[in-house]
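Here is how the chains run, residue by residue.
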Amino acid sequence: MNPFVYLIIGCAVGSGIGFWIKARQQKHAQQTAEQVTKNARRDADNILKEATIAAKEEQLKSRDEFEKATKERRAELQRLEERLEARESNLERKADLMEARFSEIEKREEKVREQSETNRRKGEELQELIDRKMKDLEQVASLTQEEAKKLLLDRLSDQLESERGGLIRRFQDETKQRFEREAREIMITAMERYAGDCAYERTTCTIPLPNDEMKGRIIGREGRNIRAIEAAAGINVLIDDTPEAVVISCFDPVRRQIGRLALERLVSDGRIHPTRIEEMVQKVTGEIEAEIVKTGQEVVELLGVTNVRPNLVKLLGRLKYRYSYSQNVLQHSIEVARLMGAIAAQLGMDEHKAIRAGLFHDIGKAVDHEVEGTHALIGADILKRAGEDEEIVLSVGAHHEEMERTSPMAILVGICDTISAGRPGARSETTELYLKRLEQLEGIGTRHNGVNSCFAIQAGRELRVIVDADKMDEARSAVLARDIACEIEKEMRYPGQIRVSVIRETRAVEYAR
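Notes on the structure in this doc start here. (Residues numbered from 1 in each chain as written. Predicted model: local features only at pLDDT ≥ 70, side-chain atom pairs only at ≥ 80, totals over all residues. Heavy atoms only, no water.)

**What about the sheet that holds strand S3 (residues 245–249)?**
Taking strand neighbours across the sheet as the criterion, the three strands line up as S1-S3-S2 in an open arrangement whose pairing is antiparallel. The two strands at the open ends of the sheet, each matched to only one other strand, are strand S1 (204–208) and strand S2 (236–238). Between one strand axis and the next, the sheet turns through 25° on average, direction left out of account. In the sheet, S2 pairs with S3 via three bridges, with the strands oriented antiparallel. (Pairing = 2+ DSSP bridges. Helix = DSSP H or I, 4+ residues; strand = E, 2+ residues; numbered from the N terminus. Axes fitted to C-alpha atoms, helices over the stretch in contact; angles between N-to-C directions.)

This is the structure:
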């Protein structure tokens, strides 16, 4: 055959095979695409089902959380309602108690008026009796009026002394019973509600050193370092033979704190020279000033006192570094403010104003080392310049009776200040001052006639006076106790109160042999 024929036949066969292969490939690709599409639809259906299930689970979870939160909120509202009901019940009970107290006080006052009228009539009857006796004596004994008067007065002296002692004892018993019931709840709340930490009052502080060589570095060449420290911080640095320690002295508590921190950091850093000293003091001063403002603001926010001027906030912060008889003045002010609020609420006074007066009552101590005068009057002047309420200014100035107490708030500040200062553990004294106070207390008791001995016990809170039973009866013992108490109030300064106990006893001792 012609080769061209074979060529044509080969081309035809090749083309047919090519078309067949291409058709098979297209069919396979179509089947593959359909399978992929089917798988994709199946996967999409699965994903949709899973998403639907997840959405339902999330919906159920959100519903459970909402129901739980709703349940907790309802429980919280129930607790708040129960607390409000309890508080209303307590207020009603206190109102009933106050009404009963006022009624009892009115009855007591009426009884006192009746007793005063009875005493007046007895005095008139006694004067008439004296006049009659004087006339009888002049007629019978031919005595002059002056002689008769002296004789009668001598005879009646013991009787009047006995009646005076009896009246004092009865009045003290009645007063104690009346006020003990009224003050029990308030005093228990005041004495037990708060117990603050104490630290000794100081004008010096000791800085430990790693070694004695550091003392020479603090002094510096020709004393230039120590002079730079004292000039920059306004303190005195005392270097003595005490091993590995120096003492800082300053009456300004803030400057003392600045000096202490600056010197501690200089010792820790090791680089001590005038330039470094000035930089460190400036840095510490900025930190202390920021801390003072922060502390004052925290105290104001803690007690809920509003509209306080920045200068007053700063002065409150300075009290953090001020101590009085081992008691921190800032903590003492917070304590007095809380006591003022609690007692004012029970007495029906303005609670917020009472808290404000208690917080500011010792604010004068922040600058009493810079300004002449007592801290109470200084504080009153500061508050007056700051535009505080007139009643608060008066209460601060009068809490140590340096101004006249013309409002109940002023009296309450003095009471709460005494409670805070006189509660157990609030203040302490040095041994020398403590012994001096005890000696003065015993000396007041022993200088009275008929006293055998005196003993100051319970850290000076009680004075026991032993008297001669043969020379002093019960009536005179009551008079003696009152006289000693009055002299203690007049001559001594002390926190709280001092109990005077006069002990009179007779003993008969025999021995059987």
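**Focus on helix H7 (residues 310–318)**
Along H7, the residues classified as buried are Leu312, Val313, Leu315, Leu316, Gly317 and Arg318. Buried residues belonging to H7 abut helix H5 (253–269), helix H6 (274–303), helix H8 (329–347), helix H9 (351–360) and helix H10 (375–385). (Buried < 20%, exposed > 50% of the residue type's maximum accessible area, 1.4 Å probe, protein only. Contact = heavy atoms within 4.5 Å.)

**With respect to H9**
Buried residues dominate H9, accounting for seven of its ten residues. Listing the buried residues of H9 in full gives Ala354, Ile355, Arg356, Ala357, Gly358, Leu359 and Phe360. Near the N-terminus of H9, the side chain that reaches the backbone nitrogen of histidine 352, with its oxygen 3.2 Å away, is that of aspartate 350. (Polar contact = N/O pair within 3.5 Å; in protein donor to acceptor, adjacent residues only side chain to side chain.)

**With respect to the nonpolar core**
In terms of nonpolar packing, the biggest core is built from 40 residues, with Leu303, Leu312, Met340, Leu359, Phe360 and Leu383 touching the most fellow members. Elements with a contribution of two residues or more to this core: H6, H7, H8, H9, H10, helix H11 (390–397) and helix H12 (408–422). Per element, the largest residue contribution to this core is nine residues, and it comes from H8. When residues no more than four places from it in sequence are discounted, the contact partners of leucine 383 are Leu312, Phe360, Ile363, Glu388, Ile392, Val393 and Val396. Among the nonpolar cores identified, the runner-up in size contains 29 residues, and Ile226, Ala228, Ile258 and Met280 belong to it. (Core = buried A, V, L, I, M, F, W, Y, C linked by side-chain atoms within 4.5 Å.)

**As for the pattern of salt bridges**
In total, this model carries 24 salt bridges according to the counting rule given. Between aspartate 389 and lysine 353 there is a salt bridge, with its nearest N and O atoms 3.7 Å apart. Highlighted residues: aspartate 389 in the loop between H10 and H11 and lysine 353 in helix H9, separated in sequence by 36 residues. Overall, the relative accessible area of 35% leaves aspartate 389 in the partly exposed class. One salt bridge in this structure joins glutamate 401 and arginine 405, with 4.0 Å as the shortest N-O distance. Linked through salt bridges whose partners overlap, the residues forming this network are Glu117, Arg120, Arg121 and Glu124. (Salt bridge = Lys/Arg side-chain N within 4 Å of Asp/Glu carboxyl O.)

**Regarding the sheet that holds strand S6 (residues 451–457)**
In space, the three strands of this open sheet follow the order S6-S7-S8, with mixed pairing throughout. Bordering the open sheet on either side are S6 and strand S8 (499–503), each of which pairs with just one other strand. Ignoring which end each strand starts from, the neighbouring axes of this sheet average 20° apart. In terms of strand pairing, strand S7 (residues 462–467) meets S8 through five bridges, oriented parallel. Residue pairing across strands places isoleucine 466 opposite isoleucine 503, the latter belonging to S8. Here helix H14 (residues 474–491) sits on the sheet in contact with S6, S7 and S8, set at roughly 150° to S8.

**Describing the side chain of serine 395**
By the element assignment, serine 395 lies in helix H11. Taking the relative accessible area as the measure of exposure, serine 395 reaches 0% and is therefore buried. From its side chain, serine 395 meets the backbone oxygen of glutamate 391 in a polar contact 2.8 Å long. Leave out the neighbours within four places in its chain, and serine 395 touches Ala357, Ser407, Met409, Ala410 and Val413.

**Focus: the environment of cysteine 454**
By secondary structure assignment, the location of cysteine 454 is in strand S6. Judged by its relative accessible area of 7%, cysteine 454 falls in the buried class. A sequence separation of 48 residues divides cysteine 454 from valine 502, and the C-alpha atoms of the two residues are 9.2 Å apart. The contact partners of cysteine 454, leaving out residues within four places of it in the chain, are Glu442, Gly445, Thr446, Leu463, Arg464 and Val465.

**Observations concerning the packing of helix H4 (residues 224–233) against H6**
Two elements in contact, H4 and H6, have axes separated by 9 Å at closest approach and are oriented at 25°. Overall, the two elements H4 and H6 adopt an arrangement that is roughly parallel. The two elements H4 and H6 meet at a crossing, and its hand is right-handed. Judged by residue contacts, Arg224, Asn225, Ala228, Ile229, Ala232 and Ala233 of H4 engage Pro274, Ile277 and Val281 from H6. Among the residues making up the contact of H4 with H6, the classes are represented as seven nonpolar, one polar and one charged. (Parallel < 35°, antiparallel > 145°, perpendicular 65-115°, else oblique. Left-handed = near helix turned anticlockwise from the far one by under 90°. Nonpolar A, V, L, I, M, F, W, Y, C, P; charged D, E, K, R; others polar.)

**What about the side chain of histidine 375?**
For histidine 375, the position within the fold is in helix H10. In this structure the side chain of histidine 375 is engaged in a polar contact, spanning 3.5 Å, whose partner is the side chain of histidine 399. Contacts of histidine 375, omitting those with residues within four sequence positions, involve His361, Asp362, Gly364, Lys365, Asp368, His399 and His400.

That's the geometry; what it means functionally is another story.
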